[in-house]
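In case you want the letters, here they are:
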Amino acid sequence: MTHQQQTLDLSIALLERPSVTPDDDGCQDILSSRLAQAGFDCEFMYFGNKEQSGEHAEVKNLWARRGTADPVICFAGHTDVVPTGDEKNWTYPPFTPTIKDGYLWARGAADMKTGIAAFTIAAERFVASHPEHNGSIAFLITSDEEGPSINGTVKVIETLEARQEKITYCLVGEPSSTDTLGDIIKNGRRGSLGAVLTVTGKQGHVAYPHLACNPIHAAMSALAELTSTAWDNGNDYFPATSLQISNINGGTGATNVIPETLEVVFNFRFSTETSEEELKAKTHAIFDKHFADSKASYDIQWKLSGQPFLTPEGKLVSACQNAIKSVTGTDTTLSTSGGTSDGRFIAPTGAQVVELGVRNATIHQVDEKVEVDDLGKLAQIYEGILENLLLD
């Protein structure tokens, strides 16, 4: 059977499972059964509370490894998908994989069950051809990537680190491609630092402002400086750090009441040219300056979602570029754009990390789909990467 048919068949088997985060819905059982037959030692890791839902729900994770030697090349991915929204808006039922017009339509088709299928097929075929290969091949699969990401990859990595089990190269199967398969690979990601600002004043009547303190007015000059500040200039790999305000909430709903509090939610996407500590310090300096003579007060609650990471050109990047060129003829561009991925939990261990997968044009959208013809090619690319890294 060809790469194409094998990858398509496994993709459909995974896509039929309505594994809305954090529910794996048996996807990892399918994978572990196949990997065990290929000589992998499979271990399920459960984190979270079995009796609860939401952030504290129990999450199923799979760690599978074949071999005991270095280097360890790990395929990382997630079986959970985002909710579908109103299924009536879909052309085809989101959990009934449908092939039409050259596409495979289903929730998770692009993000990222076809990527998981492709690297599973790649590993099976590589092992069949090279049963005595160098090093080790591993899989790190979670069902907590699309949710809060607190009981998934981050916990598996903590467990591996505690037992001194290191990943050398990590290939995350996220949909990285833009126009054609393999045209873009992500060799890094910006950091993400979120903040919730609360400004507290004094409630009062709009006709008697001298008896109140308007937190909205108090914050305006500081917010203006915050949004106009140049935090850094970026570098050869990263664009300049950016700040975006996503939510502003204040007021009682009445038009004649000065509110007591204002809440502002903002986020930094930051490069390796700055740090979490520097961003916090500069932000507090701005607010301290503008609130020095104010009757209002402010508080900021911070949440770091991930540090920036970068895998420079080297053995892993070259292995990916050469495999893509061999299969598709495409000259790959390196990029650090986009959001965050679970690579942010793996890179700090010292692993080289890249993201390589199908096109990302429809991820998280109604009518998510992926080109059918790309599936076998992606499996061939992944197999080529294994050959480039694990064969003499």
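Before reading further, recall that the structure is shown in the block above.
Residues numbered from 1 in each chain as written. Predicted model: local features only at pLDDT ≥ 70, side-chain atom pairs only at ≥ 80, totals over all residues. Heavy atoms only, no water.

Caption draft 1: Examining the packing of aromatic side chains more closely. Within the structure shown, the criterion is met by 15 aromatic pairs. Taking the centre distance of 5.5 Å and the plane angle of 45° together, the rings of Phe75 and Phe139 count as tilted. Residue Phe75 is located in strand S3 (residues 72–78), and its partner Phe139 is located in strand S6 (residues 136–142); the two are separated by 64 residues in the primary sequence. On the numbers, 5.7 Å between centres and 50° between planes, the contact of Phe119 with Tyr382 is tilted. One end of the pair, Phe119, is in helix H3 (residues 109–129); the other, Tyr382, is in helix H9 (residues 373–390), with 263 residues separating them in the sequence. Take Phe119 and Tyr382: they sit in the same class, and that class is buried. Taken together, the ring pairs in this structure connect Phe40, Phe75, Phe119, Phe139 and Tyr382 into an aromatic cluster. Seen from the ring of Phe44, Lys60 lies directly overhead, with NZ or CZ sitting 4.4 Å from the centre. Above the ring of Tyr103, the side-chain terminus of Lys369 is found at 5.2 Å from the ring centroid. (Phe/Tyr/Trp six-rings, centres within 6.5 Å; stacked < 30°, edge-to-face > 60°. Helix = DSSP H or I, 4+ residues; strand = E, 2+ residues; numbered from the N terminus. Buried < 20%, exposed > 50% of the residue type's maximum accessible area, 1.4 Å probe, protein only. Lys NZ or Arg CZ within 6 Å of the ring centre and 35° of its normal.)

Caption draft 2: Molecular detail of the pairing of strand S10 (residues 191–200). Taken across its 10 residues, S10 has seven buried, putting it largely inside the fold. In the sheet, S10 pairs with strand S14 (residues 261–270) via 10 bridges, with the strands oriented antiparallel. Note on S14: the bridge partner recorded for Val199 is Leu262. Of the pairings in the sheet, the one linking S10 to strand S15 (residues 297–306) comprises nine bridges and is antiparallel in character. By the bridge assignment for S15, Val196 is matched with Gln301. (Pairing = 2+ DSSP bridges.)

Caption draft 3: Examining the packing of helix H7 (residues 315–328) against H9 more closely. Closest axis-to-axis distance for the H7/H9 pair is 8 Å, and the angle between their directions is 135°. With respect to H9, the element H7 is oriented oblique. Seen from above, H7 lies across H9 with right-handed handedness. In contact with Lys315, Leu316, Ala319, Cys320, Asn322, Ala323, Ile324, Val327 and Thr328 of H7, H9 contributes Lys377, Gln380, Ile381, Gly384, Ile385, Asn388 and Leu389. Looking at the contact of H7 with H9 residue by residue, the class counts come to nine nonpolar, five polar and two charged. (Axes fitted to C-alpha atoms, helices over the stretch in contact; angles between N-to-C directions. Parallel < 35°, antiparallel > 145°, perpendicular 65-115°, else oblique. Left-handed = near helix turned anticlockwise from the far one by under 90°. Contact = heavy atoms within 4.5 Å. Nonpolar A, V, L, I, M, F, W, Y, C, P; charged D, E, K, R; others polar.)

Caption draft 4: Representation of the sheet that holds S15 within the structure. Within the open sheet, the four strands sit side by side as S12-S14-S10-S15. Their pairing is antiparallel. Strands at the two margins of the open sheet, each flanked by one partner only, are strand S12 (242–250) and S15. Averaged over all pairs of adjacent strands, the angle between strand axes in this sheet comes to 15°, irrespective of strand direction. Set on the sheet, helix H5 (residues 215–228) makes contact with S10, S12 and S14; between it and S14 the angle comes to about 10°. Running over the sheet, helix H6 (residues 276–290) touches S10, S14 and S15 and is turned about 165° from S15.

Caption draft 5: A look at unusual backbone geometry. Omega for the bond connecting Thr21 with Pro22 falls within 30 degrees of zero, at 5°, which places this linkage in the cis form. Relative to the assigned elements, Pro22 resides in the loop between helix H1 (3–15) and helix H2 (27–37). For the bond running from Asp70 to Pro71, omega is 0°, close enough to zero to count as cis. Mapped onto the fold, Pro71 is located in the loop between strand S2 (59–66) and S3. Phi is positive for Asp25, which is not a glycine, with a value near 55°.

Caption draft 6: The sheet that holds strand S19 (residues 369–371), seen in detail. With antiparallel pairing, the three strands of this open sheet are ordered in space as S4-S5-S19. Looking at strand neighbours, the two that pair on one side only are strand S4 (98–100) and S19, the edges of this open sheet. Across this sheet, the average inter-strand angle for adjacent strands is 25°, counted without regard to direction. Pairing geometry for S4 and strand S5 (residues 103–105), over three bridges, is antiparallel. If you follow Lys100 over to S5, its bridge partner there is Tyr103.

Caption draft 7: Main features of the nonpolar core. Among the nonpolar cores identified, the biggest contains 55 residues, and Phe40, Ile137, Phe139, Tyr382 and Ile385 are the most heavily contacted of them. Looking at which element gives the most residues to this core, the answer is H3, with 12 residues. Those residues within four positions of Phe139 in sequence are excluded, and the remaining contacts are Leu35, Phe40, Leu62, Trp63, Ala64, Cys74, Phe75, Phe119, Thr120 and Ala123. Within the second largest apolar cluster, 24 residues are counted, among which are Leu197, Val199, Leu223 and Val264. (Core = buried A, V, L, I, M, F, W, Y, C linked by side-chain atoms within 4.5 Å.)

Caption draft 8: Region of interest: H1. End to end, H1 covers 18 Å across 13 residues, agreeing with the expected 18 Å (1.5 Å per residue, within 8%). Among all positions of H1, only His3, Gln6, Thr7, Leu8, Leu10, Ser11, Leu14 and Leu15 are buried. The elements touched by buried residues of H1 are H2, S4, S5, H3 and H9. (Expected span 1.5 Å × (residues − 1).)

Note that every value here comes from positions in space, so none of it alone points to a role or purpose.
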